[in-house]
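Now for the letters of each chain:
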Amino acid sequence: MISASHSAAPFPILSRFDRYLCRTIKLSKMKKITFIIAAALFVAIWSLTAQDLSRSQVPSVILNNFTKAFPKASDVEWEMKGNLYNVEFETGLHTDHEVWYDAQGNMTKHKEEITRSSIPDAVISSVKQNFKGYRISDPKRITSGSAVTYAMELKSLTKEWKISVDSAGKILSQQPD
């Protein structure tokens, strides 16, 4: 006959394992719940900051300036980001652009994919000097007012960087990717 003192934990190792398993399952559920809440908050905030617009919702002064500047634009998608009108589109074969306009129709920023051969020599020299052994990938030209910068990814066998460089070759930012 088993006494009451032995019936509470006849197999102490199994009891510890059961407790561990229960704690793990509870933590796992908490992680899932936390992830779901974080994802929902991200989606809610993102939907508030970028609102898709139909062409008819874009002011005519902006549409006219856009059409004059980019007559061959295709796959055009408009959004409202803060107080700026943002348009993403393509020109030619897989040449992506992103442009921001203010409410008066002034272009405030233009980001475009470019080829490596379109990068100024000063930028190429700076990259070669500061990142020996890296290759340039996904270059973009970003124009804000009269300032032009170049953003790109740099890749080696073991590391990747995202950098921003001005037209003179000065590295403005670099972060591991």
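Above this text you will find the structure in question.
Quick summary incoming for the structure in this document. (Residues numbered from 1 in each chain as written. Predicted model: local features only at pLDDT ≥ 70, side-chain atom pairs only at ≥ 80, totals over all residues. Heavy atoms only, no water.)

Next up on the list: the packing of aromatic side chains. Taken as a whole and assessed by the stated rule, the structure comprises 7 aromatic pairs. Connected via pairs of aromatic rings, a cluster forms that spans Phe66, Phe70, Trp78, Phe89 and Tyr101. Directly above the aromatic system of Trp100 lies the positively charged group of Lys109, at a separation of 4.8 Å from the ring centroid. (Phe/Tyr/Trp six-rings, centres within 6.5 Å; stacked < 30°, edge-to-face > 60°. Lys NZ or Arg CZ within 6 Å of the ring centre and 35° of its normal.)

For the coordinates displayed, the defined rule picks out 6 salt bridges. Among the salt bridges present, the one from Glu98 reaches Lys111, with a minimum N-O distance of 3.8 Å. Here Lys111 lies in strand S5 (residues 107-113) and Glu98 lies in strand S4 (residues 96-101), a separation of 13 residues in the sequence. The shortest N-O distance in the salt bridge between Glu112 and Arg141 comes to 3.2 Å. Here Arg141 lies in strand S6 (residues 135-144) and Glu112 lies in strand S5, a separation of 29 residues in the sequence. We classify Arg141 as partly exposed; its relative accessible area is 22%. The network of salt bridges with common partners includes Glu79, Lys81, Glu98 and Lys111. (Salt bridge = Lys/Arg side-chain N within 4 Å of Asp/Glu carboxyl O. Helix = DSSP H or I, 4+ residues; strand = E, 2+ residues; numbered from the N terminus. Buried < 20%, exposed > 50% of the residue type's maximum accessible area, 1.4 Å probe, protein only.)

This part covers a negative patch on the surface. A surface patch of negative charge is lined by Asp52, Asp75, Glu77, Glu88 and Asp96. Summarising the element assignment, Glu88 is placed in strand S3 (residues 84-90). For Glu88, a relative accessible area of 33% puts it in the partly exposed group. (Patch = residues over 30% accessible without salt bridge, like charges linked within 9 Å, V, L, I, M, F, W, Y side chains within 5 Å. Areas by Shrake-Rupley, 256 points an atom, 1.4 Å probe, with all protein chains shown as cover. Lys, Arg positive; Asp, Glu negative; His and termini not counted. Charge placed at Lys NZ, Arg CZ, Asp CG, Glu CD.)

Within helix H4 (residues 121-130), the full set of buried residues consists of Val123, Ile124, Ser126 and Val127. One face of H4 carries all of its buried residues, which in axial projection span an arc of 165 degrees. Away from its buried face, by an angle of more than 90 degrees, H4 presents the exposed residues Asp121, Lys128 and Gln129. Here the buried face of H4 lies against S6, strand S7 (147-155), strand S8 (160-166) and strand S9 (171-176). (Arc of directions from axis to C-beta. Contact = heavy atoms within 4.5 Å.)

Turning our eyes to something else, we now look at unusual backbone geometry. Positive phi is not limited to glycine here, since Asp75 has a value of about 50 degrees. Considering the arrangement of structural elements, one finds Asp75 in strand S2 (residues 74-81). For Asp138, which is not a glycine, the phi torsion comes out positive at approximately 55 degrees. Structurally, Asp138 can be placed in strand S6.

Let's shift gears to the pairing of S6. Note that S5 and S6 share 4 bridges and pair antiparallel. Bridge pairing in S6 places His110 opposite Thr143. Looking at chain direction, S6 and S7 are connected through 8 bridges and run antiparallel. Its bridge partner being in S7, Ile136 is matched across the sheet by Leu154. Connecting S6 to the next strand, S7, in antiparallel fashion are 2 residues, including Gly145 with a positive phi near 65 degrees. (Pairing = 2+ DSSP bridges.)

This next bit is on the pairing of S8. With 5 of 7 residues buried, S8 is to be regarded as a mostly interior element. Two strands pair when backbone bridges link them, and S7 and S8 are joined in this way by 7 bridges, in the antiparallel orientation. If you follow Glu153 over to S8, its bridge partner there is Lys162. Turn length for the S7-S8 hairpin, with the two strands adjacent in sequence and antiparallel, is 4 residues. Here S8 runs beside S9; their pairing, made up of 5 bridges, is antiparallel. Paired with Val165 across the bridge in S9 is Ile171.

Just distances and angles here, no functional claims.
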